[in-house]
Structure formats: C-alpha cells, structure tokens
Amino acid sequence: LKVGDNIPPELWNLSLQVANHPQGKQSLTLSDYKDKLIILDFWATWCAPCIKSLSKLDSLQKQFGSAVVILPVTYENSSKALPLFRKRAWSLSTVVEDTLLKSYFPHTGIPHQIWIRNGVFFARSSLRAP
C-alpha cells in the first residue's frame, strides 16, 4: 500500500496475534479500532531506537487515551517481546509474529510507523521506506 490508499477490507479483518493485551486477548483485528487514529509501529527487541520510540509512544497512548490506538508490530514471538514490555511496564498491546502487516507496508528499517485514519493510509515515518 502507498500513502493515500484506502485500507482494503481484508486488512481490516485480518486476525493479528497479540501480546500484552489489557483484557488478555490473544488476537485482534484493525477493525476493532476502525473509528480511531491507528499508529502501527514496526519494531524489534534488539533495536535501541525502537525501544526509545516505544517508551514515548506508551506515554502518548496514556496521554491521548481512546482517541488513538498505538499498536507496536514485531516479527518476534511473544516470549521475546513480552519480557521487555513487562520490564518497562508498558501498557501497549503488541502484535507478535507478524509477516502480513509488513507485506502490506514494506519497509527496510525500523522503527517504522504507519498512520491510518478514516480508513486511509495517510502517513509513514520511515525515511528508508521503498
């Protein structure tokens, strides 16, 4: 997908495996948050800039509450991601074991953020995105 594209229905309904969900859910869909600003933040546990960014994003989520949904996304599994989230007391849920979101929003570097509002992919943050 490119900036300005509408999010296709199949992406809204894609079941995403999640860790650290406040209600203990194991999966979610983007359609759960369709009426909100969604920020997808691609990250990894070994990426120092990602960890710094996630700390700020966790604070922003608390500040803006239900008006925005910040959703970290990693290819790593929950056994790698969850200890980091617990150690830092982050309240964000994180998508784990992702391959599908990355295929919709290809990128070559992390952290990499995708902004979705009103059903449209309207911004990205990475300078190295294709």
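For the structure, see preceding data.
Novice: Is there a simple way to explain helix 3 (residues 78-88) in this structure?
Specialist: Along an α-helix, residues three or four positions apart point the same way, because every turn accommodates 3.6 residues. Within the sequence span of helix 3, burial applies to Ala81, Leu82, Leu84 and Phe85. Down the axis of helix 3, the buried set is contained in an arc of 165 degrees. They therefore lie on one face. Residues of helix 3 that are exposed and point over 90 degrees away from its buried face: Ser79, Arg86 and Lys87. Where the residues of helix 3 are buried, they touch strand 1 (16-19), helix 2 (48-64), strand 4 (68-73) and strand 5 (94-95).

Novice: Could you clarify how one ought to interpret the state of the cysteines in this entry?
Specialist: Throughout this description, disulfide means a covalent bond between two cysteine sulfur atoms. Counted according to the given criterion, the structure contains one disulfide. Covalent S-S linkage joins Cys47 and Cys50, the inter-sulfur distance amounting to 2.3 Å. Negative torsions about the S-S bond denote left-handed disulfides, and the value of about 75 degrees found for Cys47 with Cys50 makes this one right-handed. Assessed through its relative accessible area of 5%, Cys47 is described here as buried.

Novice: In this structure, what is going on with unusual backbone geometry? I would like to understand it.
Specialist: Across residues other than glycine, the phi torsion is negative in most instances, and most of the peptide bonds are trans. Put simply, Ile110 and Pro111 share a cis peptide bond, and its omega is 0 degrees. Residue placement: Pro111 occurs in the loop between helix 4 (100-104) and strand 6 (112-117). Unlike most non-glycine residues, Asn20 shows phi in positive territory, near 70 degrees. Inspection of the secondary structure assignment puts Asn20 in the loop between strand 1 and strand 2 (27-28). Positive phi, close to 55 degrees, is recorded for Glu97, a residue that is not glycine. Checked against the element boundaries, Glu97 lands in the loop between strand 5 and helix 4. Taking relative accessible area as the criterion, Glu97 reaches 43% and is therefore assigned partly exposed.

Novice: Help me out: how do you make sense of the environment of Gly109 in this one?
Specialist: By the element assignment, Gly109 lies in the loop between helix 4 and strand 6. Relative accessible area serves as the criterion here: at 7%, Gly109 is assigned to the buried category. For the pair Gly109 and Phe42, spaced 67 residues apart in the sequence, the C-alpha separation amounts to 8.9 Å.

Novice: Sorry if this is basic, but what is going on with the nonpolar core here?
Specialist: Nonpolar side chains in soluble globular proteins tend to end up buried together. Of all hydrophobic cores here, the largest spans 40 residues; its most connected members are Leu30, Leu40, Phe42, Trp43, Leu101, Phe105 and Ile116. Elements with a minimum of two residues in this core: helix 1 (9-12), strand 1, strand 3 (37-42), helix 2, strand 4, helix 3 and strand 6. In terms of residue count, strand 4 provides more of this core than any other element does, five residues in total. Ignoring anything within four residues of it in the chain, the contact list for Leu40 reads Leu30, Leu71, Val73, Leu101, Phe105, His112, Gln113, Ile114 and Ile116.

Cut-off values and rules
Residues numbered from 1 in each chain as written. Predicted model: local features only at pLDDT ≥ 70, side-chain atom pairs only at ≥ 80, totals over all residues. Heavy atoms only, no water. Buried < 20%, exposed > 50% of the residue type's maximum accessible area, 1.4 Å probe, protein only. Helix = DSSP H or I, 4+ residues; strand = E, 2+ residues; numbered from the N terminus. Arc of directions from axis to C-beta. Contact = heavy atoms within 4.5 Å. Disulfide = S-S within 2.5 Å. Core = buried A, V, L, I, M, F, W, Y, C linked by side-chain atoms within 4.5 Å.

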